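Here's the letter readout for the chains.
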Amino acid sequence: MRTRFAPSPTGFLHLGGARTALFSWLYARKHQGEFILRIEDTDVERSSQEAVDAIIDGMNWLGLDYDEGPVFQMQRMARYQEVIQQLLSEAKIYKCYCSKERLEKLREMQMANKEKPRYDGRCRNLVEEAEGEPFVLRFKTPLQGSVIFDDLVKGPIEVNNAELDDLIIQRTDGTPTYNFTVVVDDLDMNITTVIRGDDHINNTPRQINILLALGVIPPQYAHVPMILGQDGKRLSKRHGAMSVTQYREDGYLPEAMLNYLVRLGWSHGDQEIFSKEEMISLFDLQDVNRAPAAFNTEKLQWLNQHYLKTESPDYIAGLLAKHLQMIKVDIANGPELILVVNALRERSKTLVEMAEKAACFYQDKVVYDVKAADKFLNEDILPVFEFLHVQLQNIIDWNEDSIGAVFKLSLETFNLKMPKLAQPLRVALVGSTQSPGISTTLHLLGKDKALHNISQALDYLKVL
């Protein structure tokens, strides 16, 4: 079993490409086969090293390791010419001298007659060559019969050869075209199963005909439906069609992204959560839905929150440290990061959100949310804070139990309910009404920083 992922380096690795790579990787791993990465970089003007790096970076983040590659098509030009010469010698391709103007007029006439635009084969049986004239090379598509293949997702497909024209396999500048290079690559790399988006399904009969002309058995094909937005339209940037590595920057875990991608069009009963090992053992192309899958941000966030809550705290802490670094938070002066993870993991959907909530535990000075301060920091709370400040100073063993005992005493002394104390104190400690439990927040801040922040709040209250 040998599968491949063959992106064009003209942009980032998007969700559709990442899912194709994942399905190809899973299928190879399930069958103890090999997974190959091929970079189809023949579009020289639009291809870039930056895009190559982004594709490889995205695959590495997702953990989609490849057994061979990356193989670059531009490094295989000599091989393509070798096959072209073979087909020329066997009269299976021919030189076409038709000008762009003639082909455009032919197309206009066919459209006017409500015919399918296609090349009319004018140069197919030329006896003499037009010396010095520019030409393309066209493949001699069989005039009779049909191409029949059993798609592993869509089932049996038959296309009459009469519907196919003689496609160009080499341009006038000598560069080979996509449908030809793909065939040679799949042949040379011994690809047994081609998994790709169903936008390629029209290419498959053409590619099979070329493979048959080369005397080889075509691989199996599996055409995966497109990914749509929730509005039923093709996925675009406004739906979230961005680089998979952007999801990393936005605080998603690779485990969540893999789990989400595998469920975009594939299912195993009602199961929603899959480890990578389960994906490998359970994945089958026959279980891929024939209908398009819809992208859903809320579902991705739900999965991400699941993994934030269940993955190793050490692992999450390592990722959180990077996100805190991005927002220039120095974690050297504050609580142990793993303690912050344990306090925030139940209430965070992404690492970005967790980092924003964690920043308060490492800041030197509290910056108050204006609305929260106006609502909760008023003269009524001043005597409570003064009493609380003294009591907290007297704690010798700073832990949640001893902090909780001080709260109890404060509430009894001022005849308050916990919310009347907790929300103003949150604003005093972290600047907003969002934090873990108030005892946990104080514990994470540490005695010195907690007392410092309450002193800052007292100064603020005394000048109101």
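The structure under discussion appears in the preceding block.
All right, on to the overall build of the protein chain then. Scanning the protein chain from terminus to terminus reveals 19 helices and 12 strands. For a compact globule of 464 residues, the expected C-alpha radius of gyration is about 23 Å, and the protein chain comes in at 32 Å, more than 25% above that figure. Each principal axis of the C-alpha distribution contributes one length, and for the protein chain these read about 105 × 45 × 40 Å. Put simply, the protein chain has 464 residues, and 49% of those count as buried. By sequence separation, contacts in the protein chain at least 24 residues apart represent 76% of the contacts at least 6 residues apart. Placing the 52 positive and 64 negative side-chain charges of the protein chain at their respective mean positions leaves the two points 4 Å apart.

A cis amide bond, omega 0 degrees, links Gly 69 with the succeeding residue Pro 70. Of note, Pro 70 is situated in strand β3 (residues 68-72). Even without being glycine, Lys 114 reaches a positive phi, approximately 60 degrees. Secondary-structure assignment places Lys 114 in the loop between α4 (100-112) and β5 (136-139). A positive phi angle, near 55 degrees, is found at Asn 190, a position not held by glycine.

This paragraph deals with the layout of surface pockets. Over the atoms rolls a probe the size of a water molecule, and in doing so it shows where empty space is left. Its volume calculated, the largest pocket comes out at about 1000 Å³. Together, 38 residues line the largest pocket, and Ser 8, His 14, Gly 17, Asp 199 and His 200 are the ones closest to its centre. Within the residue set of the lining of the largest pocket, elements represented by two or more residues are β1 (2-5), α1 (15-30), α5 (178-188) and β9 (193-197). Its residues assigned to classes, the lining of the largest pocket comprises 16 nonpolar, 12 polar and 10 charged. Looking at the second largest pocket, its volume works out to about 320 Å³. If you go around the second largest pocket, you meet 15 residues; those closest to its centre are Cys 98, Lys 100, Val 136, Ile 168 and Thr 172. For the lining of the second largest pocket, the elements supplying multiple residues, two or more each, are α4 and β5.

With that settled, consider the pairing of β9. Across the five residues that make up β9, a large majority, five, are buried. Across five bridges, β9 lies against strand β10 (residues 220-224) in parallel orientation. Bridging from a neighbouring strand, Thr 193 pairs with Gln 220 of β10.

Each aromatic ring pair is characterised by the separation of its centres together with the angle its planes make. Inspection of the entire model under this criterion finds nine aromatic pairs. Look at Tyr 97 and Phe 135: their rings are 5.9 Å apart centre to centre, the planes differ by 65 degrees, and that puts the pair in the edge-to-face class. Taken as a pair, Tyr 97 in the loop between β4 (93-96) and α4 and Phe 135 in the loop between α4 and β5 lie far apart in primary sequence, 38 residues in all. Overall, the relative accessible area of 18% leaves Tyr 97 in the buried class. Exposure remark for Phe 135: the relative accessible area of 25% places this residue in the partly exposed category. Connected via pairs of aromatic rings, a cluster forms that spans Phe 23, Trp 266, Phe 274 and Phe 283. Above the ring of Phe 135, the side-chain terminus of Lys 95 is found at 4.7 Å from the ring centroid. Across the ring face of Tyr 119, the terminal group of Arg 138 is positioned such that the distance to the ring centre comes to 3.7 Å.

Strands in a sheet are paired, the pairing made by backbone hydrogen bonds, and the direction either parallel or antiparallel. Taken in spatial order, the three strands of this open sheet run β4-β5-β8, and their pairing is antiparallel. A single partner strand is all that each edge strand has here, and the edge strands are β4 and β8 (168-170). Going from strand to strand, the sheet's axes swing by 45 degrees on average, the running direction of each strand aside. In this sheet, β5 lies alongside β4 in antiparallel orientation, the contact comprising four bridges. Among the inter-strand pairings, Tyr 94 is bridged to a residue of β5, identified as Arg 138.

Let us look at the packing of helix α17 (residues 418-430) against helix α18 (residues 438-445). For any two helices packed against each other, one specifies the inter-axial angle together with the distance between the axes. Their axes nearest at 10 Å, the elements α17 and α18 cross at an angle of 30 degrees. Classified by the interaxial angle, the pair formed by α17 and α18 is roughly parallel. The crossing of α17 and α18 is left-handed. In this structure, α17 contributes Met 418, Ala 422, Leu 425, Arg 426, Leu 429 and Val 430 to the contact, and α18 contributes Ile 438, Thr 441, Leu 442 and Leu 445.

Okay, the environment of Ser 24 next. Within the secondary structure, Ser 24 sits in helix α1. Residues Ser 24 and Ala 222, spaced 198 residues apart in sequence, show a C-alpha to C-alpha distance of 9.8 Å. The contacts of Ser 24, once residues within four sequence positions are left out, are Thr 3, Arg 4, Phe 35 and Ile 195. Among the polar contacts made by the side chain of Ser 24, one reaches the main-chain carbonyl oxygen of Thr 20 at a distance of 2.9 Å.

Summed over the entire model, instances satisfying the criterion amount to zero disulfides. Left without a disulfide partner, Cys 96 is nearest to the cysteine sulfur of Cys 98, which lies 3.8 Å away.

Topologically, Thr 245 is positioned in helix α7 (residues 244-249). Within the structure, Thr 245 has its side chain in polar contact with the side chain of Ser 243 (distance 2.6 Å). Setting aside anything within four residues of it in sequence, one finds Thr 245 in contact with Ala 54, Asp 57 and Gly 58.

Definitions and cut-offs
Residues numbered from 1 in each chain as written. Predicted model: local features only at pLDDT ≥ 70, side-chain atom pairs only at ≥ 80, totals over all residues. Heavy atoms only, no water. Helix = DSSP H or I, 4+ residues; strand = E, 2+ residues; numbered from the N terminus. Rg over C-alpha atoms; globule rule 2.2 N^0.38 Å. Buried < 20%, exposed > 50% of the residue type's maximum accessible area, 1.4 Å probe, protein only. Contact = heavy atoms within 4.5 Å. Lys, Arg positive; Asp, Glu negative; His and termini not counted. Charge placed at Lys NZ, Arg CZ, Asp CG, Glu CD. 1 Å grid on protein atoms, 1.4 Å probe; cavity = no way out; pocket = protein on both sides within 12 Å on 5 of 7 lines; lining within 4 Å. Points joined across faces, edges and corners; volume = space filled by probe spheres on them. Nonpolar A, V, L, I, M, F, W, Y, C, P; charged D, E, K, R; others polar. Pairing = 2+ DSSP bridges. Phe/Tyr/Trp six-rings, centres within 6.5 Å; stacked < 30°, edge-to-face > 60°. Lys NZ or Arg CZ within 6 Å of the ring centre and 35° of its normal. Axes fitted to C-alpha atoms, helices over the stretch in contact; angles between N-to-C directions. Parallel < 35°, antiparallel > 145°, perpendicular 65-115°, else oblique. Left-handed = near helix turned anticlockwise from the far one by under 90°. Polar contact = N/O pair within 3.5 Å; in protein donor to acceptor, adjacent residues only side chain to side chain. Disulfide = S-S within 2.5 Å.

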